[in-house]
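# Per-entry structural report
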Amino acid sequence: MKRYLESALQAVREASEICRAVQAQLIAEDTLTKKDRSPVTVADFASQAVICHRLHQDFPHIPIVAEEDADSLRDDANREVLEKIKHFLPEWSEEEIFERIDLGNGRSSDLFWTLDPIDGTKGFLRKEQYAVALALIKDGEPVLGVLGCPNLPFSHDTDAGTLAYAVENEGSFAVPLNGGTPAELRVSSHGPEDTVRFLESVEAGHSNHTLQARIREHFGERAKSVRYDSQVKYAVLARGLADVYLRLPNPAQPDYREKIWDHAAGYAIVKEAGGQISDMFGKPLQFNRGKKLTANRGVVATNGKMHETIIALINGD
């Protein structure tokens, strides 16, 4: 696992730095529109290309299941976006950029990587929170997770971003994005009778905010809200700075299922920090059913002590 972790950390750190550079000079033309209308940025493509290239160099036999593909970049209408990607990847030809992005078009297997090159793209576009999220899945279980969080301060006295990571049975840690001494991550010790800090998305997205509000009401004045975009929420939960993260399906979208790359890295980090994650019915998440969590409805992540209470509230028990 050491080699996997070293490669993953290097890849996510490099991609995070590129994302920072792009975000610093972001302009409106740096976006495309996907079928679901979520924005894709220059950094999204560059991040995927860099990470897939590194992983394929080091572990060519392990497939990569990632969010993006290069089809839209091959369209002449998006020439300006491609030129900007080339600005951040000057050593690569156009074809090399396409090929390295498309290394992420692999299929899940007994052992595979899953990648979201920018999780929280809308937060990225607002120049707020986003994450570069990479996980290694073995037999349906995330056994390694890395979150690059460029805009999440590592500590109060530095503006360095955070690189959170975990390996199965080895704990969860964070280091400054620009390097430093790892700090162990542990979830909070809050129980149901304490203050309950709920992590909520900035974007409404696919969540059932009505049900989430009803659950918060159960705790009365002890319920507090903390809003972050993306899998940064998992890093905050693993740090012990929040207690509950709910991703409950919207009744208006009964067929919606979460994508594996939106949760795998955060899952590994929170679990190794002592937390607990399941679907809304308390069932384990299954990451070996393709690109989506087709066997699960919703995601519930807590510090562990809150979990049974939250699951019971969701299901009206």
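Please refer to the structure higher up on the page.
Residues numbered from 1 in each chain as written. Predicted model: local features only at pLDDT ≥ 70, side-chain atom pairs only at ≥ 80, totals over all residues. Heavy atoms only, no water.

Right, let's talk about the pattern of salt bridges for a bit. Per the counting criterion, the structure on display carries 15 salt bridges. Ionic pairing is found between K86 and E83, a salt bridge with its closest N-O pair at 3.4 Å. One end of the pair is K86 and the other is E83, both in helix α3 (residues 79–88) and 3 residues apart, which spans about a single turn. (Salt bridge = Lys/Arg side-chain N within 4 Å of Asp/Glu carboxyl O. Helix = DSSP H or I, 4+ residues; strand = E, 2+ residues; numbered from the N terminus.)

It is the contact of α3 with helix α4 (residues 94–101), at a shortest axis distance of 11 Å, that shows an interaxial angle of 90 degrees. Taken together, α3 and α4 sit at an angle that is classed as roughly perpendicular. Facing α3, whose interface residues are R79, L82, E83, I85 and K86, α4 presents E94, I97 and F98. Per-class residue counts for the contact of α3 with α4 are 4 nonpolar, no polar and 4 charged. (Axes fitted to C-alpha atoms, helices over the stretch in contact; angles between N-to-C directions. Parallel < 35°, antiparallel > 145°, perpendicular 65-115°, else oblique. Contact = heavy atoms within 4.5 Å. Nonpolar A, V, L, I, M, F, W, Y, C, P; charged D, E, K, R; others polar.)

Here the focus is the sheet that holds strand β12 (residues 244–247). Two pairing modes exist for strands in a sheet, parallel and antiparallel, and in both the strands are linked by backbone hydrogen bonds. Strand order across the open sheet formed by 5 strands is β11-β10-β12-β14-β13, with mixed pairing between neighbours. Edge strands, defined here as strands with exactly one partner in the open sheet, are β11 (223–227) and β13 (276–278). Neighbour-to-neighbour, the strand axes of this sheet turn through a mean angle of 20 degrees, independent of strand direction. Both β12 and strand β14 (residues 299–302) contribute to a ladder of 4 bridges, which runs antiparallel. (Pairing = 2+ DSSP bridges.)

Within helix α9 (residues 307–314), the full set of buried residues consists of H307, I310, I311 and I314. Looking straight down α9, one finds its buried side chains confined to an arc of 100 degrees; they lie on one side. G316, located one to two residues past α9, shows a positive phi value of around 70 degrees. (Buried < 20%, exposed > 50% of the residue type's maximum accessible area, 1.4 Å probe, protein only. Arc of directions from axis to C-beta.)

A few words now on α3. Inspection of α3 places V81, L82, K84, I85 and F88 among the buried residues, and these make up the whole buried set. Down the axis, α3 shows its buried residues gathered within 160 degrees of arc, on one side only.

When we look at a pair of aromatic rings, we describe it by the centre distance and by the angle of the planes. Tallying each qualifying case throughout the model produces 8 aromatic pairs. Aromatic side chains F59 and W113 sit 6.1 Å apart centroid to centroid with 40 degrees between the ring planes, which places their arrangement in the tilted category. Pair noted here: F59 is in the loop between α2 (42–58) and β3 (64–66) and W113 is in strand β4 (residues 111–119), with a separation of 54 residues, a long-range link. Look at F59 and you get buried, because its relative accessible area is 2%. Aromatic pair Y234 and Y245: ring centres 5.2 Å apart, planes at 85 degrees, arrangement edge-to-face. One end of the pair, Y234, is in helix α7 (residues 232–238); the other, Y245, is in strand β12, and 11 residues separate them in sequence. Y234 sits in the buried class, given a relative accessible area of 1%. The cationic tip of R100 hangs over the ring face of W92; the distance from NZ or CZ to the ring centre is 4.5 Å. (Phe/Tyr/Trp six-rings, centres within 6.5 Å; stacked < 30°, edge-to-face > 60°. Lys NZ or Arg CZ within 6 Å of the ring centre and 35° of its normal.)

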